[in-house]
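Chain by chain, the residues run as shown.
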Amino acid sequence: MHLVIKTSILVSLLLAMICWVVSDSFAEEVSWTDNAALTGTLETEWAGMIDDGSTQKLETILQPELNVSLTSDSSLTGILRIRGDAEDKLEPGSPYQDNRSTASSSLYLGDNVDVELRELYIDSYFDDTLLRVGKQQVVWGQADGLKVLDVVNPQSYREFILDDFDNSRIPLWTINIEFPVADESLVQLIWLPDTTYNDLQEPGSPYAFSSPRIVPQTVPGFSTVILDATKPHKPLSDSDFGARFSTFLDGWDITLNYLYHYKDNPVFYRQILGTQVTITPEYKRTHLIGGTFSNAFGDYIFRSEIGYSTNSYHVTHDAMDSDGIEETGEASYVLGLDYSGITDVFLSAQFFQTVLTEDPPGISRDQVENTITFLVEHNFANETWKAEILLIQSINDGDGMVLPKISHEFSSNISIWAGTDIFYGDSDGLYGQFDDQDRITVGFEWGF
């Protein structure tokens with residue numbers, strides 16, 4: 001009850017700020033309803049399993065977007081998502097949403113339809129300062145397919161990482177301020193009083209994590225009890241805070257980033273008493289410090305991203321360990337090179353590495369882990385067709401995923417596509433755990 005009251009008060013304050021700007025538009029005698037635009041998309045996608053031809057999903061998404069010019073210096077944006085899945089296999093039933101705050105939970109209409117307020121925010125300019133208040137996404141970093149700094153918003157793993165990040169990120173109620181500090185330099189300050197974390201899939205879902213790298217494994221002869229997660233619930237004291245400085249210097253786009261936040265995946269602490277193993281998930285804080293650096297050299301673009309987390313938690317298989325978790329610092333970076341020197345062809349390669357500052361015995365990963373990605377895109381027929389293929393490969397574990405896709409734009413607002421999502425490797429790996437989820441997808445999108 002106290003959580004609901006505190007969350008309601010906080011959201012009310014954010015909405016009050018939105019209403020204040022809206023009311024200010026009337027003070028200026030601006031008829032903001034005459035400056036409203038309603039757009040959106042209607043998307044349908046089918047996914048069928050390669051091994052037996054069964055349907056994994058038959059999904060339709062209606063996503064209307066409202067943009068209103070309130071005054072000469074302010075605007076309102078609202079995005080709603082209505083999603084229906086006739087199969088109800090990706091998230092069977094209605095998820096508990098224990099990972100979400102009350103203000104960011106979805107509304108489930110039975111087992112097949114959910115409604116979510118994706119974004120609702122006000123943009124206001126005060127001279128050169130931008131104030132964005134409301135539910136929104138904050139995107140940091142430049143890596144494709146992998147994340148180092150892009151962790152401000154949590155993520156839905158409903159389809160692992162197969163969905164676009166714009167769709168899989170979970171928007172949060174946020175106060176976001178950006179202001180210039182010098183020529184070509186900008187400071188961003190963010191406050192996130194929204195205690196919402198990653199959507200992890202429940203056992204039995206196609207993309208529920210099973211790899212021992214992530215979750216503790218059952219022990220033969222022992223019973224296992226998994227308790228509910230100890231989730232932060234105080235919107236003020238459990239808030240996340242962040243700052244970013246961005247500048248352009250001698251041809252280089254540079255950012256320096258800092259985020260004090262709860263890690264979006266819970267830590268699975270383990271306790272063994274007799275023949276019973278008790279797992280207690282708990283969310284833990286960390287400091288993330290990093291930056292990005294990019295520059296163009298003719299047809300090449302060099303991209304880099306680096307981050308250091310002061311606290312990183314890893315499952316250990318050491319039965320003598322008191323809680324089954326080892327804590328260490330973790331540095332991660334991505335080096336990317338893009339090439340567009342061939343007509344209608346885009347090539348991109350990335351090298352991703354994570355390094356633990358310590359190497360505790362028995363942990364479920366290597367101290368140094370390497371991943372590579374390759375992306376090839378080819379446009380043809382006056383750029384109405386595009387063929388692409390993305391490869392993500394773990395060097396350490398030998399597993400990965402291959403995502404070929406072809407798409408066609410009938411017009412500026414109608415497109416279709418078909419592709420396959422192929423996983424390979426040992427079931428202990430991050431990607432190999434989904435080796436039995438290879439599928440074919442066919443989709444259609446209409447923008448209005």
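Please refer to the structure higher up on the page.
Keep in mind it's a predicted model, so treat the numbers as computed, not measured.

Colleague: Before we move on, could you go through the overall build of the protein chain and cite the residues and values that matter?
Modeller: Regarding its fold elements, the protein chain presents 2 helices and 22 strands. By the compact-globule yardstick of 22 Å for 448 residues, the protein chain fits well, its C-alpha radius of gyration being 23 Å. Dimensions of the protein chain, computed from the C-alpha atoms along their principal axes, are close to 75 × 60 × 50 Å. Each of the 448 residues in the protein chain was classed as buried or not, and the buried ones make up 46%. A sequence separation of at least 24 residues applies to 60% of the contacts in the protein chain between residues at least 6 apart. Surface accessibility of the protein chain: about 21,400 Å² in total, with carbon and sulfur atoms responsible for 58%. Counting 25 positive and 69 negative side-chain charges, the protein chain places the centres of these two groups 5 Å from one another.

Colleague: I'd love a proper account of the sheet that holds strand β13 (residues 276-282), names of residues and values included.
Modeller: Ordered in space as β9-β13-β12, the 3 strands form an open sheet in which the pairing is mixed. The sheet is open, and its two edges are formed by β9 (223-226) and β12 (267-273), each paired on a single side. Sheet twist, expressed as the average angle between the axes of neighbouring strands with direction ignored, equals 25°. Where β12 and β13 come together, 7 bridges link them in antiparallel fashion. Looking at β13, one finds that Val267 is bridged to Glu282.

Colleague: Give a description of a nonpolar patch on the surface that names residues and reports values.
Modeller: Taken together, the side chains of Leu62, Leu80, Ile82, Leu117, Phe444, Trp446 and Phe448 define a hydrophobic patch exposed on the protein surface, amounting to about 520 Å² of accessible area. Take Leu80: it is sitting in strand β3 (residues 74-85).

Colleague: I'd like to hear about the pairing of strand β17 (residues 345-356), residue by residue, with values.
Modeller: Here 10 bridges tie strand β16 (residues 325-339) to β17, and the two strands are oriented antiparallel to one another. By the bridge assignment for β17, Asp338 is matched with Ser348. As consecutive antiparallel partners, β16 and β17 are separated by 5 residues, and within that stretch Asp344 has a phi angle of approximately 65°, a positive value. Looking at chain direction, β17 and strand β18 (residues 368-380) are connected through 11 bridges and run antiparallel. Paired with Phe352 across the strands is Thr371, a residue of β18.

Colleague: Hey, could you go over the environment of Ser72 for me, with residue numbers and the actual values?
Modeller: As for its placement among the helices and strands, Ser72 is situated in the loop between β2 (55-71) and β3. Look at Ser72 and you get exposed, because its relative accessible area is 68%. Measuring from C-alpha to C-alpha, the distance between Ser72 and Tyr125 comes to 8.9 Å, with 53 residues separating the pair along the chain.

Colleague: Could you give an account of a negative patch on the surface, naming the residues involved and the relevant values?
Modeller: On the surface, a cluster of negative charge is made up of Asp51, Asp52, Asp435 and Asp436. Mapped onto the secondary structure, Asp435 falls in the loop between β21 (414-424) and β22 (439-447). The exposure class of Asp435 is partly exposed, given its relative accessible area of 37%.

Colleague: Help me get a handle on the side chain of Asp114, residues and values and all.
Modeller: Of note, Asp114 is situated in strand β5 (residues 113-126). Excluding anything up to four places from it in sequence, Asp114 contacts Arg81, Ile82, Arg83, Leu107 and Tyr108.

Colleague: Tell me what's going on with the side chain of Ser348, and back it up with residues and numbers.
Modeller: Take Ser348: it is sitting in strand β17. A polar atom in the side chain of Ser348 sits 3.3 Å from the side chain of Arg303. Aside from chain neighbours lying at most four places away, what touches Ser348 is Asp144, Arg303, Leu337, Asp338, Thr373, Phe374 and Leu375.

Colleague: Any details on empty space enclosed by the protein? Residues and values, ideally.
Modeller: Counted under the stated rule, the structure contains 6 cavities of 30 Å³ or more. Here the largest cavity defines a volume of roughly 1,400 Å³. Around the largest cavity, the lining is made up of 49 residues, and of these Lys147, Tyr157, Asn265, Glu330 and Leu430 lie nearest the centre. Breaking the lining of the largest cavity down by element, the ones donating at least two residues are β12, β14 (285-297), β15 (300-315), β16, β17 and β18. For the lining of the largest cavity, the residue count by class is 21 nonpolar, 18 polar and 10 charged. Approximately 90 Å³ is the volume found for the second largest cavity. For the lining of the second largest cavity, the secondary-structure elements that each account for two or more residues are β3 and β5.

Colleague: Describe the pattern of salt bridges, listing the residues and the values that go with them.
Modeller: According to the stated counting rule, one finds 26 salt bridges in the structure shown. For Asp240, the salt bridge is made with Arg285, and the minimal N-O distance between the two is 3.6 Å. Remark: Arg285 occurs in strand β14 and Asp240 occurs in strand β10 (residues 240-249); sequence separation between them is 45 residues. Residue Arg285 is classed as buried on the basis of its relative accessible area, which comes to 15%. Arg303 serves as the salt-bridge partner of Asp338, at 2.9 Å between the closest nitrogen and oxygen. Residue Asp338 is found in strand β16, and its partner Arg303 is found in strand β15; the two are separated by 35 residues along the sequence. Across the pair, Arg303 and Asp338 agree in class, each one buried.

Thresholds, definitions, all that
Residues numbered from 1 in each chain as written. Predicted model: local features only at pLDDT ≥ 70, side-chain atom pairs only at ≥ 80, totals over all residues. Heavy atoms only, no water. Helix = DSSP H or I, 4+ residues; strand = E, 2+ residues; numbered from the N terminus. Rg over C-alpha atoms; globule rule 2.2 N^0.38 Å. Buried < 20%, exposed > 50% of the residue type's maximum accessible area, 1.4 Å probe, protein only. Contact = heavy atoms within 4.5 Å. Areas by Shrake-Rupley, 256 points an atom, 1.4 Å probe, with all protein chains shown as cover. Lys, Arg positive; Asp, Glu negative; His and termini not counted. Charge placed at Lys NZ, Arg CZ, Asp CG, Glu CD. Pairing = 2+ DSSP bridges. Axes fitted to C-alpha atoms, helices over the stretch in contact; angles between N-to-C directions. Patch = residues over 30% accessible without salt bridge, like charges linked within 9 Å, V, L, I, M, F, W, Y side chains within 5 Å. Salt bridge = Lys/Arg side-chain N within 4 Å of Asp/Glu carboxyl O. Polar contact = N/O pair within 3.5 Å; in protein donor to acceptor, adjacent residues only side chain to side chain. 1 Å grid on protein atoms, 1.4 Å probe; cavity = no way out; pocket = protein on both sides within 12 Å on 5 of 7 lines; lining within 4 Å. Points joined across faces, edges and corners; volume = space filled by probe spheres on them. Nonpolar A, V, L, I, M, F, W, Y, C, P; charged D, E, K, R; others polar.

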